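Reading the structure
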Protein chains: 8
Amino acid sequence: MTMIWQVYLSGEIHTDWRCQIADAVSEADLPIELMSPNTNHADSDDCGAEILGEPGSDFWRDHMGAKMNAIRNRTLLDAADIVVVRFGEKYRQWNAAFDAGYAAAMGKSLIVQHPAEFTHALKEIDGAAMATCETTDQVIEILRYVTMGDLSRG
Amino acid sequence: MTMIWQVYLSGEIHTDWRCQIADAVSEADLPIELMSPNTNHADSDDCGAEILGEPGSDFWRDHMGAKMNAIRNRTLLDAADIVVVRFGEKYRQWNAAFDAGYAAAMGKSLIVQHPAEFTHALKEIDGAAMATCETTDQVIEILRYVTMGDLSRG
Amino acid sequence: MTMIWQVYLSGEIHTDWRCQIADAVSEADLPIELMSPNTNHADSDDCGAEILGEPGSDFWRDHMGAKMNAIRNRTLLDAADIVVVRFGEKYRQWNAAFDAGYAAAMGKSLIVQHPAEFTHALKEIDGAAMATCETTDQVIEILRYVTMGDLSRG
Amino acid sequence: MTMIWQVYLSGEIHTDWRCQIADAVSEADLPIELMSPNTNHADSDDCGAEILGEPGSDFWRDHMGAKMNAIRNRTLLDAADIVVVRFGEKYRQWNAAFDAGYAAAMGKSLIVQHPAEFTHALKEIDGAAMATCETTDQVIEILRYVTMGDLSRG
Amino acid sequence: MTMIWQVYLSGEIHTDWRCQIADAVSEADLPIELMSPNTNHADSDDCGAEILGEPGSDFWRDHMGAKMNAIRNRTLLDAADIVVVRFGEKYRQWNAAFDAGYAAAMGKSLIVQHPAEFTHALKEIDGAAMATCETTDQVIEILRYVTMGDLSRG
Amino acid sequence: MTMIWQVYLSGEIHTDWRCQIADAVSEADLPIELMSPNTNHADSDDCGAEILGEPGSDFWRDHMGAKMNAIRNRTLLDAADIVVVRFGEKYRQWNAAFDAGYAAAMGKSLIVQHPAEFTHALKEIDGAAMATCETTDQVIEILRYVTMGDLSRG
Amino acid sequence: MTMIWQVYLSGEIHTDWRCQIADAVSEADLPIELMSPNTNHADSDDCGAEILGEPGSDFWRDHMGAKMNAIRNRTLLDAADIVVVRFGEKYRQWNAAFDAGYAAAMGKSLIVQHPAEFTHALKEIDGAAMATCETTDQVIEILRYVTMGDLSRG
Amino acid sequence: MTMIWQVYLSGEIHTDWRCQIADAVSEADLPIELMSPNTNHADSDDCGAEILGEPGSDFWRDHMGAKMNAIRNRTLLDAADIVVVRFGEKYRQWNAAFDAGYAAAMGKSLIVQHPAEFTHALKEIDGAAMATCETTDQVIEILRYVTMGDLSRG
C-alpha cells in the first residue's frame with residue numbers, strides 16, 4: 001500500500017512534541033505527512049495586523065489574526081485523515097478544543113493527548129476521540145500501528 | 001414567513017441565561033424553537049453509569065456519560081440553524097469550545113457570548129462566529145433582529 | 001401534492017416587487033412560502049453597531065452588520081428551493097450577485113430578473129440561472145407554472 | 001509538509017495582478033498552484049459562438065459563452081483551497097461577486113482585494129472573507145504567511 | 001409511524017397510470033404524497049417561450065422550456081424518497097432515463113416499470129433500480145408493501 | 001422543545017422488544033417516532049417473488065426480496081436520528097451488523113443491545129456505538145434520558 | 001497550472017469518436033486524462049454471466065452484466081470533472097441518458113453531442129448541459145478551449 | 001487511462017486470499033492499490049491495551065482495540081473505490097457485515113464473496129452488492145475486467 005496518511009497536529013505549542021513525532025516518523029519512514037498550524041506564537045498573534053494594518057482595537061486585531069490563521073488551519077484540517085489534539089498543562093487552550101470539535105464534525109479520526117488530571121474536564125472531547133493517551137510516545141505508537149500494523153509489545 | 005428557527009444554546013450551565021432567552025422568546029412570540037443540552041450537572045455526569053452500570057474506572061465512567069449526552073447534543077446541533085455558545089467566568093469549558101468547532105464545521109451560524117477578558121483566549125472561536133457579544137440581552141436582540149427584523153435602537 | 005415551496009427573494013430593495021409577488025401568491029393561493037432578507041436599509045446597515053456596539057471604524061461597522069444579516073440570509077438561502085435574484089437599475093448590487101453565486105453552488109434553482117441592458121454584464125449569472133426574465137409579472141408566472149402547472153397563454 | 005495549495009485567482013482581468021502573484025510565488029518557491037479563468041476578454045466573450053455557432057441573438061450568444069467558460073471556472077473553483085477575488089476600479093464585476101458567493105457556499109477560504117472606497121458596497125462579500133486587503137502585495141504576503149509561516153514584519 | 005413517504009412519478013405521460021396510483025393510494029389511505037412533473041405535454045413544451053418570450057430558434061425554445069420544467073422536476077426529485085420511472089411503449093423517453101440517472105446518483109430508491117421487451121435496452125437502469133416491474137398494479141403493490149408492510153399474496 | 005426524535009429499531013425480530021419500547025414511549029409520552037423494518041419474517045422473505053414473480057432461482061428470489069425491503073429500510077435509516085440495533089441469542093444476524101455499519105457511516109447515533117457473551121465478537125460494532133447495553137429496559141432508559149433529560153437513579 | 005482534467009466519454013460505442021478525441025488530446029498534449037466505459041459490446045453484455053455464471057434468465061443475465069459494468073462506470077463518473085455524452089443516430093441509448101442524469105446530479109460539467117434532429121427529444125438533457133454540439137471536432141475544440149484557453153477562430 | 005483504483009479487502013483473515021489477489025494484481029500489472037485491515041489477529045485484539053494500557057475490563061479492552069483499528073479501517077474504507085468483503089466458513093464475522101453496511105452507505109462499489117450456503121443469511125448484503133461470487137478467482141476476474149476491460153471467456 002502506497003497511501004500517504006495526512007496527520008494534523010493541533011494544540012499545545014510550547015513544547016517540542018511535534019518535533020518528536022516528526023523525528024519518529026522520519027526514523028521509521030512511516031507513510032505519513034505531518035501538518036500543523038503556525039507554531040510561532042508571536043507571528044500567529046500579529047499576522048493579521050502586520051499584513052492588513054493595525055485596526056485600532058484589540059478585538060479586531062485578534063479577529064484579523066485568527067481568521068488569517070484559519071485559512072491555513074481549516075484547509076489542513078479538511079485535508080487530514082487523522083487529527084491529533086494535545087492539551088498541555090497550562091492555558092485555556094480553547095482553540096485546541098475547537099479544533100477537536102471541528103475534526104469530529106468532519107468525521108476525522110481524532111486522537112487526544114492530555115494529562116490524566118484533565119480526564120473529567122475533557123470527557124466530551126475524549127468521548128469523540130478514537131484514542132486518548134497521555135504521552136507523545138503513545139501518539140507515535142498509535143500512528144505506527146495504524147499506518148504500518150507494527151505493534152511494539154511492552 | 002412561517003419558518004421556525006432552531007436555536008441551540010450551548011455552554012455555561014450555572015446561571016439562568018437559557019431561561020432569560022426562553023422568556024424573551026416567549027414574550028415576543030419569536031418564531032424560535034430553543035434546544036439545549038441536559039443542564040442538570042449531576043445527571044449529566046452520572047447518566048452513563050446509572051443506566052449502563054458502573055465501569056470501575058473514572059475514565060470509562062466519564063466516557064460512558066459523555067457519549068450518552070452526545071446522542072442528544074449531536075442530534076440537536078445537527079438540527080440547529082443557529083448555535084449560541086456562552087462562556088462563563090469559571091471552569092475550563094472545553095465542551096463549549098468543542099461545540100463551537102463542531103458548529104463551525106457544520107456551517108451553522110455561530111453566536112458567541114463571553115466576558116471581555118476572554119477576547120484573546122477565544123480569538124479563534126470569535127473568528128468563526130457571525131457575532132460576538134457580552135450579555136444575554138445582546139443574544140436576545142440578535143435573535144429578535146435576525147428572525148423578525150426588529151431593531152431596537154438604543 | 002401538499003408540498004410548500006420555499007422561495008427566497010434576493011436583491012433590489014428599493015421597489016415593492018416583493019409585495020407584488022406576495023400579493024400574487026396570496027391571491028392565487030400558491031403553495032409558496034416567501035422568504036427575504038431584511039429590507040429596511042437603515043436597520044440592515046446599523047444592526048451590528050446598534051446591538052454589539054460601535055467599533056470605531058467604518059470597515060468593522062460594516063463587517064459586524066454584514067455578518068449579522070448573514071445569519072438570516074444564509075439560513076434562509078440554505079432552506080430555499082428556489083432563489084429569485086432581482087437586479088435593479090441602480091447601485092452595484094454586489095450582494096445580489098453574491099447570493100446568486102451562493103445559490104448556484106448550493107444547487108438551488110435560480111431565477112434572475114434584470115433589465116435587458118444588463119445582459120452582457122450579467123451573462124455569468126444568467127448562465128447559472130434556470131430562467132432569466134425582465135419583469136416581476138414574469139417571475140410570478142414562473143412561480144405559478146412551476147408550482148401549479150398553470151400556464152397562462154398570452 | 002509537501003502539500004501543494006490550490007489557489008484560484010478570480011475577478012479583474014485588465015491589469016497584470018495575476019502575473020505579479022505568479023512571479024512572487026515562483027521567486028519564493030511557494031508550494032502553490034495558481035489557477036485562473038481565461039483572461040483573454042475577447043475569447044472569453046466569443047468562445048461559445050465560435051465553437052458552437054452563432055445563435056442569432058445577443059442573449060443566447062452570451063449564454064453559450066458564459067456556460068462554456070463556466071466548465072473551466074466551476075471545475076477550478078471546486079478544486080481550490082483558497083479563492084482570491086479582486087475587484088478593480090471599473091466595471092460592474094458581477095461575475096467576481098458571483099464567484100465569491102460560490103466560493104463561500106463551498107466553504108473555500110476567501111481572500112478579497114478591493115479599493116477602500118468599495119468597503120460599504122462590498123460589505124457582504126468582505127463579511128464572508130477570511131481576509132480583506134487593498135493591494136496585490138498584501139495578497140502575496142497572505143499567501144506566503146498562510147502556506148509557509150513566514151511573516152515579514154514591517 | 002407517522003412518516004409521509006414522498007414518491008415522485010417520472011416518465012410516460014400519455015396514459016393515466018399516475019391517476020391509477022393516486023386512486024390506489026387514496027383508497028388504501030397510504031401514507032404517501034405523490035409528486036410528478038407537469039404532464040400537460042403542450043404546456044410543458046411551450047412554458048419557456050410563453051412566459052419568457054419566443055427566442056426565434058427551436059433549440060433555444062426547447063432549452064427555455066426544459067430549464068423551466070427542471071425547476072419543478074429537480075426540486076421534487078430532490079425531495080423524493082422513492083422515484084418511480086415508467087417507460088411506455090413509444091417515444092425515445094430520454095428524459096425518463098435522465099431522471100433515473102439523476103435519482104440513482106442522489107441515492108433515491110428507484111422503481112422502474114417497463115414492458116418486457118425493453119429488458120436488454122434498459123439493463124443499466126434496471127441495474128440501478130431496487131425493483132423492476134411491468135404493470136402499474138405491481139408499482140402499487142410495492143408502494144403498499146414498502147410503506148405499510150401489507151403483502152397481498154396471490 | 002417540540003422536536004420529535006426519529007428512532008429506527010433494527011435487528012432481532014423474534015421477540016416483542018419493539019412492542020416493549022413502543023409501550024414505554026407511549027406511556028411516558030416521549031417525543032419519539034419509532035420506525036422499524038417489516039418484522040413479518042415470511043412476508044419479508046417472499047415480498048419480491050410475490051409482487052414481481054418467481055425468478056426460478058433461490059439467489060435471485062432472495063435478491064428481489066432483499067432489495068424490496070431495502071426500499072423501506074434505507075429510507076427509514078436515512079430519516080433516523082438514532083438507530084438501535086439489537087442482536088438476539090440466535091442466528092447470524094448479518095443484516096443487523098450491516099445496518100449498524102450503514103448507520104455509522106451516515107453519522108447516526110448508534111445504540112447497540114446484545115447479550116454479554118457477544119462482547120468480543122461485536123467489538124467493532126460496539127466501538128462505533130454511542131451506548132452498548134444488554135436489556136430492553138436500558139434502551140428505554142437511554143431514550144428517555146436522551147430525549148427528556150429524566151434520569152431514573154437506581 | 002499543472003492540473004490534469006478527468007474527462008469521461010459516455011454513450012455511443014459503434015464509431016471511433018473516442019479515438020479521434022484521444023488522438024487530438026495526444027497531438028495537442030492537452031492536460032486531459034480520458035476515461036470511458038468498456039466499449040467492447042459483446043464483453044460488456046457477457047461479463048456478468050462469464051465471471052459469475054449463467055443465471056438461467058435473460059433478465060438476471062443482463063442485470064449481472066449491468067452491475068458489473070456499473071462498478072467501472074460509476075467510479076469513473078464520480079472521478080470525472082467533465083462528462084461528454086454522445087448520442088448516435090441509432091438505438092435507444094437509454095444508458096447514455098442515464099449517465100447524463102447521473103452526471104448532472106453529481107454537479108459534473110456535462111457536454112452533449114447529438115445530431116440536430118434529436119434536439120426536441122433531448123431537450124431535458126441539453127437543458128442540463130454546459131454545451132451542446134453536433135460534431136466530435138466541436139467536442140475537441142471545447143476541451144482544448146476549456147483546459148488551455150486556446151480559441152481557434154473560424 | 002492512468003487512474004489507480006483503490007480496492008479495500010475486508011473480512012475473513014484466516015486464509016491467504018489477500019495474497020492471492022495481490023499476486024494476481026502484481027502479475028497482471030493491474031492499476032490497483034490494495035488496502036486491508038491489520039490481519040494479525042493477536043495484534044488487532046491487543047493494540048489498544050498494549051499502547052494505551054490495560055483498562056481492567058474485557059469490554060473496555062475490546063473497545064480500545066476496536067477504535068484503534070477503526071482509525072485505520074475507516075480511513076481506508078473512505079479512500080476506497082471498491083470494497084471487497086469476504087465471508088469465510090467460520091465465525092460470526094459481524095465486522096465484515098458492518099464494513100459492508102458502511103461501504104454501502106458511502107456509495108462504494110461492493111463486491112461480496114461467500115460460500116453458497118450463506119445466500120439466504122446474507123441476502124441483505126448481497127442485495128447491496130454490485131457483484132456476488134464464491135471464489136477468489138472470481139474476485140480477481142472482476143477486478144481485472146472492471147479496471148482493464150479484459151474478459152477471460154471460459
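Notes on the structure follow. It should be emphasised that the depicted structure is a prediction, and the values quoted were computed from it without experimental measurement. (Residues numbered from 1 in each chain as written. Chains lettered and ligands numbered in written order. Predicted model: local features only at pLDDT ≥ 70, side-chain atom pairs only at ≥ 80, totals over all residues. Heavy atoms only, no water.)

**Focus: the overall build of chain A**
Heads up, the rule is: Under the DSSP-based scheme used, a helix requires at least four consecutive residues in state H or I and a strand at least two consecutive residues in state E, with every element numbered from the N terminus. The size measure is the radius of gyration over C-alpha atoms, and the globule rule it meets is 2.2 Å times the number of residues to the 0.38 power. Note on contacts: a residue pair is in contact if any heavy atoms of the two residues lie within 4.5 Å. Here the open area of atoms and residues is found with the Shrake-Rupley method and a 1.4 Å probe, where only the protein chains shown may cover a residue. Charged residues are defined narrowly, with Lys and Arg counted positive, Asp and Glu counted negative, and His plus the chain ends left uncounted. In this description, the location of a charge corresponds to atom NZ of lysine, CZ of arginine, CG of aspartate or CD of glutamate.
Check the secondary structure of chain A and you find 6 helices and 5 strands. Helices and strands appear in chain A in the N-to-C order β-α-β-α-α-β-α-β-α-β-α. Relative to the 2.2 N^0.38 estimate, which gives 15 Å for 154 residues, the radius of gyration of chain A is 16 Å and therefore close to what a compact globule would have. With respect to the principal axes defined by its C-alpha atoms, chain A has extents near 55 × 35 × 30 Å. Across chain A, the fraction of contacts at a sequence separation of at least 24, relative to all contacts at a separation of at least 6, is 63%. If you sum the accessible surface of chain A, you get close to 5,500 Å²; carbon and sulfur atoms cover 46% of it. The averaged location of the 24 negative side-chain charges in chain A is 5 Å from the averaged location of its 12 positive side-chain charges.

**Considerations on the interface of chain G and chain H**
Selection criterion: By definition, the buried area sums, over both parts, the 1.4 Å-probe accessible area that each loses when the two are put together. Salt bridges, as used here, are contacts in which a Lys or Arg side-chain nitrogen is within 4 Å of a carboxyl oxygen on Asp or Glu. Whenever a nitrogen or oxygen atom comes within 3.5 Å of another N or O atom, the pair is scored as a polar contact, on the condition that within protein one atom can donate a hydrogen and the other can accept it, and that pairs from neighbouring residues in sequence are kept only if both atoms are in side chains. Classes in brief: Ala, Val, Leu, Ile, Met, Phe, Trp, Tyr, Cys and Pro nonpolar; Asp, Glu, Lys and Arg charged; the others, Gly included, polar.
The partner chain H presents 26 residues to the 20 residues of chain G that form the contact. Roughly 2,000 Å² is buried in total at the junction of chain G and chain H, and carbon and sulfur atoms are behind 60% of that figure. Connecting chain G to chain H are 3 salt bridges. With its nearest N and O atoms 2.8 Å apart, the salt bridge here joins Arg153 of chain H to Asp46 of chain G. Where chain G packs against chain H, one counts 10 residue pairs in polar contact (both at pLDDT 80 or more). Within the residue set of the side of chain G that touches chain H, elements represented by two or more residues are β2 (32-35), α2 (41-52) and α3 (58-79) of chain G. Broken down by class, the residue content of the side of chain G that touches chain H amounts to 10 nonpolar, 4 polar and 6 charged.

**Details of the arrangement of the chains**
What separates chain C from chain G at the closest point of their C-alpha atoms is a distance of 8 Å, and the two make no contact. Of all C-alpha pairs spanning chain D and chain H, none lies closer than 18 Å, and the two are not in contact.

**Topic: the interface of chain B and chain A**
In this complex, chain B contributes 33 residues to the contact, which on the side of chain A involves 33 residues. At the junction of chain B and chain A, the tally comes to 2 salt bridges. Residue Asp45 of chain A pairs with Lys123 of chain B through a salt bridge whose shortest N-O separation is 3.4 Å. Linking chain B with chain A are 8 residue pairs in polar contact (both at pLDDT 80 or more).

**Quick notes on the packing of helix α1 (residues 17-27) of chain G against helix α6 (residues 136-148) of chain G**
All names here are of chain G. Where we set the bar: Each axis is a line fitted through C-alpha atoms, and for a helix only the stretch in contact is used; angles between axes span 0 to 180 degrees, taken between their N-to-C directions. For any pair of crossing helices, the crossing counts as left-handed if the nearer helix is rotated counterclockwise from the farther one by less than a right angle, and right-handed if it is rotated clockwise.
Put simply, α1 and α6 touch, their axes get as near as 10 Å, and they point 35° apart. Crossing hand, α1 versus α6: right-handed. Where α1 approaches α6, its residues Trp17, Gln20, Ile21 and Ala24 are matched on the opposing element by Thr136, Val139, Ile140 and Leu143. When the residues that make up the contact of α1 with α6 are grouped by side-chain class, the tally is 6 nonpolar, 2 polar and no charged.

**Observations regarding the pattern of salt bridges**
Keep this limit in mind: Only protein chains enter the accessibility calculation, which uses a 1.4 Å probe; a residue is then buried when its area is under 20% of its type maximum, exposed when over 50%, and partly exposed in between.
Counted under the stated rule, the structure contains 72 salt bridges over all chains. Glu124 of chain B serves as the salt-bridge partner of Lys123 of chain B, at 3.6 Å between the closest nitrogen and oxygen. Overall, Glu124 of chain B belongs to the partly exposed group, its relative accessible area being 24%. Note that Arg153 of chain B and Glu50 of chain C form a salt bridge whose closest N and O atoms lie 3.8 Å from each other. With Arg153 of chain B in the segment after α6 (136-148) and Glu50 of chain C in helix α2 (residues 41-52), this residue pair bridges two chains. For Glu50 of chain C, a relative accessible area of 31% puts it in the partly exposed group. Each member of the salt-bridge network shares a partner with another, and the members are Asp43, Asp46, Glu50, Glu54 and Arg61 of chain A together with Arg153 of chain D.

**Some thoughts on the relation of the copies chain B and chain A**
The line we're drawing: Superposition of the copies was done by least squares, using only C-alpha atoms of residues whose pLDDT is at least 70 in both.
Relative to chain A, chain B is turned by 180° and slid 0.0 Å along the rotation axis, the superposed coordinates differing by an RMSD of 0.0 Å. Accordingly, the operation relating the two chain copies is best matched by a two-fold axis. Counting the interface residues of chain B, we find that 100% of their copies in chain A are interface residues as well, pointing to one common contact surface.

**Side note on the pairing of strand β3 (residues 82-86) of chain A**
On a regular strand, one side chain projects to one face of the sheet and the next to the other, so that they alternate. All names here are of chain A. Selection criterion: Here, any two strands with at least 2 DSSP bridges between them count as paired.
Burial analysis of β3 places 5 of its 5 residues in the buried class, which makes it a mostly covered element. Of the two faces of β3, the one carrying Ile82, Val84 and Arg86 and the one carrying Val83 and Val85 are both buried. Where strand β1 (residues 5-11) lies against β3, 5 bridges are found, and the strand directions are parallel. Bridging across to β3, Tyr8 finds its partner in Val83.

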